[in-house]
Amino acid sequence: SQKIEQNSEALNIQEGKTATLTCNYTNYSPAYLQWYRQDPGRGPVFLLLIRENEKEKRKERLKVTFDTTLKQSLFHITASQPADSATYLCAPNNAGNMLTFGGGTRLMVKP
Amino acid sequence: KAGVTQTPRYLIKTRGQQVTLSCSPISGHRSVSWYQQTPGQGLQFLFEYFSETQRNKGNFPGRFSGRQFSNSRSEMNVSTLELGDSALYLCASSSDVRVGGYTFGSGTRLTVV
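Residues numbered from 1 in each chain as written. Chains lettered and ligands numbered in written order. Predicted model: local features only at pLDDT ≥ 70, side-chain atom pairs only at ≥ 80, totals over all residues. Heavy atoms only, no water.

Description of the pattern of salt bridges
Between side chains of opposite charge, pairing is possible as soon as their charged atoms come close.
Residues and elements named next belong to chain B.
Now for step 1: Scanning the entire structure with this criterion turns up 11 salt bridges over all chains.
Now for step 2: Close ionic contact of Glu-82 with Arg-63 constitutes a salt bridge, the shortest N to O distance being 3.6 Å. On the criterion of sequence distance, the pair formed by Glu-82 in the loop between β8 (74–78) and β9 (87–94) and Arg-63 in the loop between β6 (53–57) and β7 (64–68) is long-range, its members being 19 residues apart.
Now for step 3: The exposure class assigned to Glu-82 is partly exposed, which follows from its relative accessible area of 42%.
Now for step 4: A salt bridge links Arg-67 to Glu-75, with the nearest nitrogen and oxygen atoms 3.2 Å apart.
Now for step 5: We classify Glu-75 as buried; its relative accessible area is 16%.
Now for step 6: When salt bridges that share partners are traced, they join Arg-63, Glu-82 and Asp-85 into one network. (Salt bridge = Lys/Arg side-chain N within 4 Å of Asp/Glu carboxyl O. Helix = DSSP H or I, 4+ residues; strand = E, 2+ residues; numbered from the N terminus. Buried < 20%, exposed > 50% of the residue type's maximum accessible area, 1.4 Å probe, protein only.)

Quick word on the pairing of strand β1 (residues 3–6) of chain A
All names here are of chain A.
Now for step 1: Residues of β1 alternate between two faces, with Ile-4 and Gln-6 buried on one and Lys-3 and Glu-5 left unburied on the opposite face.
Now for step 2: With four bridges connecting them, β1 and strand β3 (residues 19–26) associate as antiparallel partners. Within the sheet, the bridge partner assigned to Lys-3 lies in β3 and is Thr-26. (Pairing = 2+ DSSP bridges.)

Notes on the sheet that holds strand β7 (residues 62–67) of chain A
Residues and elements named next belong to chain A.
Now for step 1: Strand order in the open sheet formed by five strands is β1-β3-β8-β7-β6, with antiparallel pairing between adjacent strands. This sheet does not close on itself; its edge strands, each paired only once, are β1 and β6 (56–59). The mean angle between the axes of side-by-side strands here comes to 15 degrees, regardless of whether they run parallel or antiparallel.
Now for step 2: Here β3 runs beside strand β8 (residues 72–77); their pairing, made up of six bridges, is antiparallel. Pairing of Ala-19 across the sheet is with Ile-77, part of β8. (Axes fitted to C-alpha atoms, helices over the stretch in contact; angles between N-to-C directions.)

Topic: the interface of chain A and chain B
Now for step 1: Taken together, the contact pairs 17 residues of chain A with 23 residues of chain B.
Now for step 2: Of the roughly 1600 Å² buried between chain A and chain B on both sides combined, carbon and sulfur atoms contribute 51%.
Now for step 3: For the chain A face of the interface with chain B, the top three residues by lost area are Asn-97, Met-98 and Phe-101 of chain A, together amounting to 36%.
Now for step 4: The tally of links between chain A and chain B comes to zero salt bridges.
Now for step 5: At the junction of chain A with chain B, the criterion picks out seven residue pairs in polar contact (both at pLDDT 80 or more).
Now for step 6: Looking at the side of chain A that touches chain B, the elements with two or more residues in it are β4 (32–38) and β5 (45–51) of chain A.
Now for step 7: Among the residues forming the side of chain A that touches chain B, the class breakdown is nine nonpolar, six polar and two charged. (Contact = heavy atoms within 4.5 Å. Buried area = accessible area lost by both parts, 1.4 Å probe. Polar contact = N/O pair within 3.5 Å; in protein donor to acceptor, adjacent residues only side chain to side chain. Nonpolar A, V, L, I, M, F, W, Y, C, P; charged D, E, K, R; others polar.)

Notes on the nonpolar core
Now for step 1: Core analysis: the largest hydrophobic core is formed by 22 residues, its most contacted members being Leu-33, Trp-35, Phe-75, Ile-77, Tyr-88 and Leu-107 of chain A.
Now for step 2: Where this core is concerned, the elements lending two or more residues are β3, β4, β5, β7, β8, β9 (86–93) and β10 (105–110) of chain A.
Now for step 3: Broken down by element, the residue count for this core peaks at four residues, all from β3 of chain A.
Now for step 4: With sequence-adjacent residues up to four places away left out, Phe-75 of chain A is seen in contact with Ala-19, Thr-20, Leu-21, Trp-35, Leu-47, Leu-62, Lys-63, Val-64 and Tyr-88 of chain A.
Now for step 5: Among the nonpolar cores identified, the runner-up in size contains 21 residues, and Leu-21, Val-78, Tyr-89 and Leu-110 of chain B belong to it. (Core = buried A, V, L, I, M, F, W, Y, C linked by side-chain atoms within 4.5 Å.)

Okay, here's the thing in C-alpha cells:
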C-alpha cells in the first residue's frame, strides 16, 4: 500500500540556520508533490508544489527538491526564523483532487 | 478575497448524537474536500465534492456523509457519534489542486463526550 514517511521527531535548529525536512514515499509514483505548513489549531497552508519533471523549485527562502528515483522530496528553509516554527506536511499525489498527507514534521527554530 | 469558512469553530456533542458541519469555499472554487485530523492518525481524507457530486471517498464508515449545494457550499454529517470521532475536521477548497493546492479552513473542533 502507499506509504508516506516524514520524520515524526521534532527538528530543532538555531535561528539563521537552514532547516531541511524529508518526505519519503513508497509504492506509488506521484505526478506532483505539495508542501504545507500547519500551525497549532489551524488548517494547513499551501506553500509549494513541484511536478515530477521538475528537480527543484524555489519561493523566497523556501526550496523544494523532488527525486523520483529516490522517491524523496526535501524541503529547505534558509535563514530560518522563530516564526518558521510549525509543522510541515508533504503530500505526494498522482492525480485528481484527493491528497494524501504525510504525518508531518514539527520544526522548532530557537532564537 | 475571503478564505474558506467553517462553522461552527468548536462543538461538544454526546455519544450517539449526530452533528452537521458547514463549509463555505473560496468563491469560484468548485471542489470541496473534507479531512479528519487526529494526533494519532494525522490528516485523513473523508470525501471530495465537485459540482454537487461526490467524486472521491476515503475509508470511513457510512456514518460519515456529506453533500454539496449548487453554490459550492458543503456540509458533512456524522451520525451516531462515537468517542473516537473527536477530532479537528478540516474543509479545503480548490480550483485545481494540481496547480494551486488546497486552501483550508480553520476547522471545526469536535469533542464527543
